[in-house]
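Remarks on the overall topology
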Amino acid sequence: MTSKILSKLHLTKPKKKVLTTKLWVDDDKFLHLKVQPLPVKEAEALTVVINEKQARAFWIVPGDKVSITKMNGESIVANAIVSSKIWSEWLGVYENVINRFPLEKGDIVSIEVTESSSIANDAIRKKMRWETISYEEMFAIIKDISEWKLSEVMMTYYVASSFFYPTTDEEMYQTAKAMAECGVMFKYPKDEIIADKHCVGWVPGNETTMIMIPTLASLGIRMPKNFSKAITSPAATGECVNVLMDINFDKAGIEKLIQDVNCCLVRGWWLDLAPADDKLIKVQYPLAMQSRAKVVSSIMAKKYAMWVTHSLIDIPVWPTAKVTSMEEALDWKQKFEYVGKKLWMKMTVQITPANEVIGNWVWAVLQVREVLRVLQQHAERPRDLETKAIFLTSKIIEIVWLAKWKEAERLARKQIESGAARKMMQRIIKAQNWNPDVNSEELPLWTFRKEVLADRDGKVKKIDLHNINHIARRLGCPAVNEAWLYLSKKLGDKVKKGDVLFTMYAIAENKIELALQQNKEEPAFLIW
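Worth saying up front: this structure is predicted, and the values here are computed from it rather than measured.

On to the state of the cysteines. Should the sulfur atoms of two cysteines be covalently bonded, the bond is a disulfide. For the coordinates displayed, the defined rule picks out 0 disulfides. With no disulfide of its own, C264 has C263 as its nearest cysteine by sulfur position, at a separation of 6.9 Å.

Laid out in structure tokens, this is it:
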């Protein structure tokens, strides 16, 4: 892709060799170049392109990390690509670099090979040997990840160490604190209540967040919600919110949202909120695996960075869910409560049943349809999603001392049934640069599909969430917008042979075939 783009650019070749030498040879350490923005949008890693001869002269090889420094001293670290397609004197700069580090064509920058600190590398070696590391060592690891200095190989070793050896509660706390302190930090007046909600995931359709945030904000409770890319779920909150509104805001933009509508629904990556987290997510994504310790640290880091004072954690538990037993759920609960206490947060951890998909749709656009149906009090709204959202909302109302017990639940229900929550959602959507009049029935649907039928008479005894998630990923979730599932039957429903159990939608037939094979190997429905 980079070569094709470079071949289309009309760069000015240096007229004199002496000019080239003067520009890019300052001493034996720094390479000085002029910026050439490149229209590459899809790249995840920050990337720049350096002329092959110049790179060789400064011992820069493909894959090296280089520090790019402006004339005013500001700098950023990016991956280096080496190419003969770009002229001497020029530095090709991907759009994701310019988004984080404003540069214009012709700007002069200096380039220097950079490496991760010896402290970080030594600390990772210690973790691989199951040795205890100090907070200073943990901070060095997280700082180098945040600044793109740690290679993906070393990041992989760091992530893998959490699977090989147990992480102590203290190390989880240190990781969360370091992640937050290496990025943007928010601060509010000492006595101000800042609340938050998070679910550990894996339950398809469990989009309670988008109901809870406007409901609580309509009561005057400040709810600055941020999120990351889905790893183990077909569509997490980020993918769903992005259907309705812009999710990329800087610190000033978020502060204005909180001032105007008491809340926000934003992506932490764009903000540089606990920036190491999104880089670690990229390493973990191919296997769809996260260690328990990394999940807790990741979640709590972003809460700490947002100055959260009161937090709810939802832990869905079921043999086919991410958390498979009550024993495991209690361990999660203890870890969240430990780290929350160390970070001075008032916590409520709720263990909820995850015996089936919530609602009927599995994928961002259709999960958003169900959220809007609840807020609009549509006749076909998913009652299970509504009930769970009201229950969790009442628990936050309780910990902020707005109401207790049944009164808290009645207050939550009133905000939804009266339309107050919907009006607040419309205000949020408008504040986050989208159409506030969006209707649940107007969201776009696709037509390429395949129905999966029951092979016998009986009753739905089990819906395997693990297998539902795998089928959804085979269809392309969460990366592909045109991939989703619709469940026609729920747990306990009677079925006859030939009844539709669920319908798969995808962008290509081979995706459907992969999903069918997945369902054949690991059926989503068990009929008795």
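Still more to cover.
Let us now look at helix 8 (residues 169–181). Compared with an ideal rise of 1.5 Å per residue, which puts 13 residues at 18 Å, helix 8 spans 18 Å between its outermost C-alpha atoms and is within 8% of the ideal. Burial analysis of helix 8 places 11 of its 13 residues in the buried class, the great majority of the element. What helix 8 keeps buried is the set D169, E171, M172, Y173, Q174, T175, A176, K177, A178, M179 and A180. Here the buried face of helix 8 lies against helix 5 (118–128), helix 6 (135–146), helix 7 (152–164), helix 13 (275–284), helix 14 (292–305) and helix 15 (326–342).

Estimated volume of the second largest pocket: approximately 560 Å³. If you trace the second largest pocket, you find 23 residues lining it, with S75, I76, R100, S146 and D272 closest to the centre. Contributions of two or more residues to the lining of the second largest pocket are made by strand 4 (75–83), helix 4 (95–100), helix 6 and helix 12 (268–271).

Here we take up the nonpolar core. With 81 residues, the main nonpolar core has L475, L485, L487, F502, M504 and F525 as its most contacted residues. Counting residues per element, this core draws most heavily on helix 16 (residues 364–376), at 8 residues. Core analysis: the second largest hydrophobic core is formed by 60 residues, Y304, M306, V308 and A329 among them.

Here 6 strands make up a closed barrel; going around it, the order is 1-5-2-4-3-6 and the pairing mixed. When the angles between neighbouring strand axes are averaged without regard to direction, this sheet yields 45°. Bridging between strand 1 (residues 31–37) and strand 6 (residues 108–114) involves 4 bridges; their strand directions are antiparallel. From the neighbouring strand, K34 faces strand 6, where its bridge partner is I108.

Okay, unusual backbone geometry next. We note that W130 has phi near 60°; this positive angle belongs to a residue other than glycine. If you trace the backbone, W130 turns up in the loop between helix 5 and helix 6. Note on W130: relative accessible area 55%, which makes it exposed. One non-glycine residue, W344, adopts positive backbone phi at about 65°. When you line up the elements, W344 lands in the loop between helix 15 and strand 11 (346–353). On the accessibility criterion, W344 (78% relative accessible area) is exposed.

Each value, and the rule that gives it
- Residues numbered from 1 in each chain as written.
- Predicted model: local features only at pLDDT ≥ 70, side-chain atom pairs only at ≥ 80, totals over all residues.
- Heavy atoms only, no water.
- Disulfide = S-S within 2.5 Å.
- Helix = DSSP H or I, 4+ residues; strand = E, 2+ residues; numbered from the N terminus.
- Expected span 1.5 Å × (residues − 1).
- Buried < 20%, exposed > 50% of the residue type's maximum accessible area, 1.4 Å probe, protein only.
- Contact = heavy atoms within 4.5 Å.
- 1 Å grid on protein atoms, 1.4 Å probe; cavity = no way out; pocket = protein on both sides within 12 Å on 5 of 7 lines; lining within 4 Å.
- Points joined across faces, edges and corners; volume = space filled by probe spheres on them.
- Core = buried A, V, L, I, M, F, W, Y, C linked by side-chain atoms within 4.5 Å.
- Pairing = 2+ DSSP bridges.
- Axes fitted to C-alpha atoms, helices over the stretch in contact; angles between N-to-C directions.

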